[in-house]
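The residues making up each chain are set out below.
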Amino acid sequence: MNQAQEKELRKRKIRLMLLIGFVAMGLVASILVAMFRTGVFAQMPASQLYGRWVEQGVPSYARDSFTISAGGIYTHGRLISTKFDFDGSQLSYNHGGATYVYMVEDNDGAKLLRIQPTHYKSSFSKQ
C-alpha cells in the first residue's frame, strides 16, 4: 500500500468515526428529549404531599402524625408551622426550635423518611 492509499484510508476512518459520533449524539439527545417529555425528570409538586402522614412501624399509642396543607404543617389539629420548604425530594420545616427534615422515599410521594431530628429512623405513610 502506498502513502496516498494509506492517507485516503485514514481520512475514511476519521469520517466514519465522525459519522458514528454524530449519530450517537443524536440518539442520546432524542432519548433525553423523550424522557423530559414523559416527565421522568419532573419534580414532584408540594401539593402532592398535602394530606395526613402517619408514622409506621410503631405502636398506635406512640405513633406520630402530622398534616401538610397549603396553610402549613398541623399536628393534633394545631398549626405548628406556616412555612415549609420542599425541593421535590426533601421536606423541611421548623417547630419549637428544631428543624424537621423528611426525604421522599418513593416516586409517587406516598412515603416519607424522617432524617432530622434523629431520635430514630421514622417512616411515614400518607393516609
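Quick note: structure is the one above.
These numbers were taken from a predicted model, which means no experiment stands behind them.

(A) Expanded view of the nonpolar core. Ranked by size, the top nonpolar core spans 16 residues in total, and within it Leu 49, Phe 66, Ile 68, Leu 91, Tyr 102 and Leu 112 carry the most contacts. Every element with two or more residues in this core is listed here: β2 (65-69), β6 (90-95) and β7 (98-104). The leading source of residues in this core is β7, at three residues.

(B) Highlighting the pairing of strand β3 (residues 72-75). As paired strands, β2 and β3 are joined by three bridges and run antiparallel to one another. By the bridge assignment, Ser 69 is partnered in β3 with Gly 72. The antiparallel hairpin formed by β2 and β3 contains two residues in its connecting segment. Two strands pair when backbone bridges link them, and β3 and strand β4 (residues 78-81) are joined in this way by three bridges, in the antiparallel orientation. Directly across from Thr 75, in β4, lies its bridge partner Arg 78.

(C) Structural view of a positive patch on the surface. A cluster of like positive charges, contributed by Lys 7, Arg 10, Lys 11 and Arg 15, occupies part of the molecular surface. Positionally, Lys 7 belongs in helix α1 (residues 3-38).

(D) Spotlight on the packing of aromatic side chains. In total, this model carries six aromatic pairs according to the counting rule given. With a centroid separation of 5.2 Å and an interplanar angle of 10°, the aromatic rings of Tyr 93 and Tyr 100 are classed as stacked. The burial state of Tyr 93 is the same as that of Tyr 100; both residues are buried. These aromatic residues form a ring-pair network of at least three members: Phe 66, Tyr 93, Tyr 100, Tyr 102 and Phe 124.

Here is what the cut-offs are and how they apply
Residues numbered from 1 in each chain as written. Predicted model: local features only at pLDDT ≥ 70, side-chain atom pairs only at ≥ 80, totals over all residues. Heavy atoms only, no water. Core = buried A, V, L, I, M, F, W, Y, C linked by side-chain atoms within 4.5 Å. Buried < 20%, exposed > 50% of the residue type's maximum accessible area, 1.4 Å probe, protein only. Helix = DSSP H or I, 4+ residues; strand = E, 2+ residues; numbered from the N terminus. Pairing = 2+ DSSP bridges. Patch = residues over 30% accessible without salt bridge, like charges linked within 9 Å, V, L, I, M, F, W, Y side chains within 5 Å. Areas by Shrake-Rupley, 256 points an atom, 1.4 Å probe, with all protein chains shown as cover. Salt bridge = Lys/Arg side-chain N within 4 Å of Asp/Glu carboxyl O. Lys, Arg positive; Asp, Glu negative; His and termini not counted. Charge placed at Lys NZ, Arg CZ, Asp CG, Glu CD. Phe/Tyr/Trp six-rings, centres within 6.5 Å; stacked < 30°, edge-to-face > 60°.

In short, shape yes, function no, at least from these values alone.
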